[in-house]
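Spelled out, the chains give:
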Amino acid sequence: MPKQKKIKHNKKRKKTSLLFRILQSQQQQLLIALVLISCLLLATIIFIPPKIPDDRPERINAYFEKYNMPLLGHGQAFVDAADTCGMDWRLLPAIAVRESSGGKHMQLNNPFGWGSAKIPFESIDDAIAGVGMNLCGFNTNTAKWYSTTSTYKKLYYYNGTVMPTYPDEVIWIMDQF
């Protein structure tokens, strides 16, 4: 009889040992899962930079506010127009400052003097988008002058052929933003 008790005891030990291994395996899997999740979170923090607030519209609006210019409030429209083609975001507002004192002397919702200030626009935002489209080189009629990525060349063709100091004047204004 003592042999039979030993066999039963071994069976219990094997069941306990198997249960222990299963639990140990689940703990290892949980630990591995936690390590993987931690690594993914760390990689997200390291490799995905935080979104930096875009202060360009506020900088444009602050300039217009400082000089009491009617284009105040259109900062986002200027940035959106520039971002469609990677154009310098300061170019359009600087041209508007040079051409119409930031909208103080604009005609026909045209603060850029576009088309000798004779081309009307439905709104100031339409003017910003329309002139931006041209300066980005998206209009086939004007692309030969404005499809260049050089801000200086864009300004030269905009009004520099008539007024040689024009590009430098607008670039100086751009630096004020």
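Data block above holds the structure.
Definitions and limits used
Residues numbered from 1 in each chain as written. Predicted model: local features only at pLDDT ≥ 70, side-chain atom pairs only at ≥ 80, totals over all residues. Heavy atoms only, no water. Helix = DSSP H or I, 4+ residues; strand = E, 2+ residues; numbered from the N terminus. Contact = heavy atoms within 4.5 Å. Patch = residues over 30% accessible without salt bridge, like charges linked within 9 Å, V, L, I, M, F, W, Y side chains within 5 Å. Areas by Shrake-Rupley, 256 points an atom, 1.4 Å probe, with all protein chains shown as cover. Salt bridge = Lys/Arg side-chain N within 4 Å of Asp/Glu carboxyl O. Buried < 20%, exposed > 50% of the residue type's maximum accessible area, 1.4 Å probe, protein only. Arc of directions from axis to C-beta. Disulfide = S-S within 2.5 Å.

A look at the environment of Ala-94
1) Next: Structurally, Ala-94 is set in helix H4 (residues 91-100).
2) Next: Along the sequence, Ala-94 and Gln-176 sit 82 residues apart, while their C-alpha atoms lie 8.8 Å from each other.
3) Next: Ignoring anything within four residues of it in the chain, the contact list for Ala-94 reads Val-170, Ile-173, Met-174 and Phe-177.

Focus: a nonpolar patch on the surface
1) Next: On the surface, Trp-145, Tyr-152, Tyr-156 and Tyr-157 cluster together into a nonpolar patch covering about 390 Å² of accessible area.
2) Next: If you tally residues by element for the nonpolar patch, the top one is helix H7 (residues 151-160), at three residues.
3) Next: Relative accessible area serves as the criterion here: at 38%, Tyr-152 is assigned to the partly exposed category.

Remarks on H7
1) Next: Of the positions making up H7, those classed as buried are Lys-154, Leu-155, Tyr-158, Asn-159 and Gly-160. Looking straight down H7, one finds that the buried residues subtend no more than 165° of arc, so they occupy a single side.
2) Next: In this fold, the buried residues of H7 make contact with H4, helix H5 (124-135), helix H6 (143-146) and helix H8 (166-176).

So, the state of the cysteines
1) Next: Within the structure shown, the criterion is met by one disulfide.
2) Next: A disulfide bridge connects Cys-85 with Cys-136, and the sulfur atoms are separated by 2.0 Å. Since a negative S-S torsion denotes a left-handed disulfide, the Cys-85-Cys-136 link at about -70° is left-handed. Placement of Cys-85 in the loop between helix H3 (75-83) and H4 and of Cys-136 in the loop between H5 and H6 is noted, with a sequence separation of 51 residues between them.
3) Next: The class of Cys-85 is partly exposed, set by a relative accessible area of 31%.

Points about the side chain of His-74
1) Next: Along the chain, the position of His-74 falls in the loop between helix H2 (56-66) and H3.
2) Next: Take His-74: its relative accessible area is 17%, and that puts it in the buried class.
3) Next: For His-74, the contacting residues outside a window of four places in its chain are Asn-61, Ile-124, Asp-125 and Ile-128.

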